[in-house]
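Coordinate analysis (summary)
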Amino acid sequence: MRVALHDVWGCAHGPVSRLAPQTRIVVGAALFAACMVAPAGSRAGLVLLAAAALGWLAACRTPLRIVWSAVLLGLAGFLPYFLLVPVLAGETSSGTWAEAVRVPSAVVARGMAGMLVSIATVTALSASDLREGLLRLPIPTMVSAILLQVVHQTAALGYETRRIASAMAVRGASGKGVAALRVLVSLPQVWLPRVLIRAERVACAMDVRGYCEQDMPSFGAAGFSARDVLALAAGAAALALSIVARVRGLP
């Protein structure tokens, strides 16, 4: 994905953005759980996966450039599972390739659906919305603080990594052969110390600000309304349907 992490958060402006932050988080988590539970090897499960992913993307109105980047990243990460088909074909009960293909197909279907639902949820939440949503959920304050710092520092480290890569490319590190090998070997020596120093600075800053001693204050957010109830009901219904399809083994 060539989309910067700080540009992904809160870039969608669909109907979901009018929900309370905690509702967006809970519904996104429910749809992700539904994607993990749905039987990807059946037609009913595939319909549930497609409905959950595409419906949530449409409700969030995630920009197409981010959707296509996520699809390409997912294909690059999940399609190599099909390389295991020859091995699985010899270990299945029937020994057929059709049965062996089911396992990686289920992994790809669940992985792609879960990734799209997660990215759609991220695009529907700004950094402030994520903070307010976590504070209004029954989550320990320390856990919320750590999650927020992980999100913030991931974006900062991504930006710093691009700066290091640009600086190394300007210095002739974009070539091939021995030069590329030397860059690959020396990169951890440059990047890892910066990551450790930044992590130590963040820990000291959190300690000075009393993250362990007091609750984080809330800055206010949209109130809970009827549309939040409908959204929560839809998320719960999707999860319930996935569980029923999994337990009863629907075709």
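That block above? That's the structure.
What counts, and at which threshold
Each residue is numbered by its place in its chain's sequence as written, counting from 1. The predicted nature of this model means local features are confined to residues of pLDDT at least 70 and side-chain atom pairs, given and counted, to a pLDDT of 80 or more, with totals for whole chains, interfaces and linings taken over all residues. Side-chain calculation: all heavy atoms of the structure are included, whereas hydrogens and water are not. Helix numbers and strand numbers start at the N terminus; a helix is a DSSP run of H or I with at least 4 residues, a strand a run of E with at least 2. Throughout, a contact is declared for two residues whenever any of their heavy atoms are within 4.5 Å. Accessibility throughout is a Shrake-Rupley quantity obtained with a 1.4 Å probe, and a residue counts as covered only by protein chains that appear here. Pairs of N or O atoms within 3.5 Å make up the polar contacts considered here, provided that, within protein, one atom can donate a hydrogen while the other can accept it, and that residues adjacent in sequence are counted only when both atoms are side-chain atoms. What makes a nonpolar core is a set of buried Ala, Val, Leu, Ile, Met, Phe, Trp, Tyr and Cys residues whose side-chain atoms join them at distances within 4.5 Å. In this scheme, a residue with accessible area under 20% of its type's maximum is buried, one over 50% is exposed, and one in between is partly exposed, where area comes from a 1.4 Å probe on protein chains only. Helix span, expected: 1.5 Å multiplied by one less than the number of residues in the helix. Any Lys or Arg side-chain nitrogen found within 4 Å of a carboxyl oxygen on Asp or Glu counts as a salt bridge. Two distance rules govern patches: like charges are joined within 9 Å, and nonpolar side chains (Val, Leu, Ile, Met, Phe, Trp, Tyr) within 5 Å, applied only to residues with over 30% relative accessible area and no salt bridge. Axis angles are defined between N-to-C directions and span 0 to 180 degrees, where every axis is a line fitted to C-alpha atoms and, for a helix, only to the segment in contact. Should an angle lie under 35 degrees it is considered roughly parallel, over 145 roughly antiparallel, and from 65 to 115 roughly perpendicular; all remaining angles are considered oblique. Here is the rule for handedness: rotate from the far helix to the near one, and if that takes an anticlockwise turn smaller than a right angle the crossing is left-handed, while a clockwise turn gives right-handed. Only Asp, Glu, Lys and Arg are considered charged, only Ala, Val, Leu, Ile, Met, Phe, Trp, Tyr, Cys and Pro nonpolar, and every remaining residue, Gly among them, polar.

Section: the overall build of the protein chain
Helix and strand content of the protein chain: ten helices and zero strands. Counting from the amino terminus, the protein chain carries its helices and strands in the arrangement α-α-α-α-α-α-α-α-α-α. Put simply, 82% of the contacts in the protein chain that link residues at least 6 apart link residues at least 24 apart. When the accessible area of the protein chain is evaluated, it comes to approximately 14,800 Å², of which 68% is carbon and sulfur surface.

Focus: the side chain of arginine 24
As for its position among the elements, arginine 24 is in helix H2 (residues 21–37). Within polar-contact distance, the side chain of arginine 24 engages the backbone oxygen of valine 16 at 3.5 Å. Residues contacting arginine 24, with those up to four places away along its chain left out, are Val16, Ser17, Leu19, Trp56, Thr121, Ala124, Leu125 and Asp129.

A few points about the nonpolar core
Of all hydrophobic cores here, the largest spans 34 residues; its most connected members are Leu31, Leu49, Trp56 and Cys60. Secondary-structure elements contributing two or more residues to this core are H2, helix H3 (43–60), helix H4 (64–78), helix H6 (97–123) and helix H10 (226–248). Among the elements that make up this core, the one with the highest residue count is H6 (nine residues). Not counting residues within four places of it along the chain, the set of residues in contact with cysteine 60 comprises Ala12, His13, Gly14, Val16, Ala120 and Ala124. Listed in part, the six residues of the second largest apolar core include Leu125, Leu130, Leu134 and Leu137.

Regarding H4
What sets the pattern is the α-helix's 3.6 residues per turn: residues three or four places apart point alike. For H4, with 15 residues, the first-to-last C-alpha span of 21 Å sits near the 21 Å given by 1.5 Å per residue. Those residues of H4 that sit buried are Ile66, Val67, Ser69, Ala70, Val71, Gly74 and Phe78.

Considering unusual backbone geometry
Even without being a glycine, arginine 61 presents a positive backbone phi close to 60°. Relative to the helices and strands, arginine 61 is located in the loop between H3 and H4.

Here we look at the pattern of salt bridges
Going through the model one piece at a time under the given rule, you end up with three salt bridges. Residue aspartate 129 is joined to arginine 24 by a salt bridge in which the shortest nitrogen-to-oxygen separation is 3.1 Å. Of the two residues, aspartate 129 sits in helix H7 (residues 127–135) while arginine 24 sits in helix H2, which places them 105 residues apart along the sequence. Arginine 24 sits in the buried class, given a relative accessible area of 5%. Taking the shortest distance from any N to any O, the salt bridge between arginine 131 and glutamate 132 comes out at 3.4 Å. With respect to burial, arginine 131 and glutamate 132 carry one shared label: buried. Linked through salt bridges whose partners overlap, the residues forming this network are Arg131, Glu132 and Arg136.

Focus on a nonpolar patch on the surface
Where nonpolar side chains cluster on the molecular surface, the patch consists of Leu72, Leu75 and Leu79 and spans about 270 Å² of accessible area. Relative to the helices and strands, leucine 72 is located in helix H4. For leucine 72, a relative accessible area of 57% puts it in the exposed group.

Structural notes on the packing of H2 against H10
Where H2 meets H10, the closest approach of the two axes is 8 Å, and the angle between their N-to-C directions is 10°. Judged by the inter-axis angle, H2 sits roughly parallel to H10. In this structure, the crossing between H2 and H10 has a hand that is left-handed. Contact residues: H2 offers Thr23, Val26, Val27, Ala30, Leu31, Ala33, Ala34, Met36 and Val37, while H10 offers Asp228, Ala231, Leu232, Gly235, Ala238, Leu239, Ser242, Ile243 and Arg246. Its residues assigned to classes, the contact of H2 with H10 shows 13 nonpolar, three polar and two charged.

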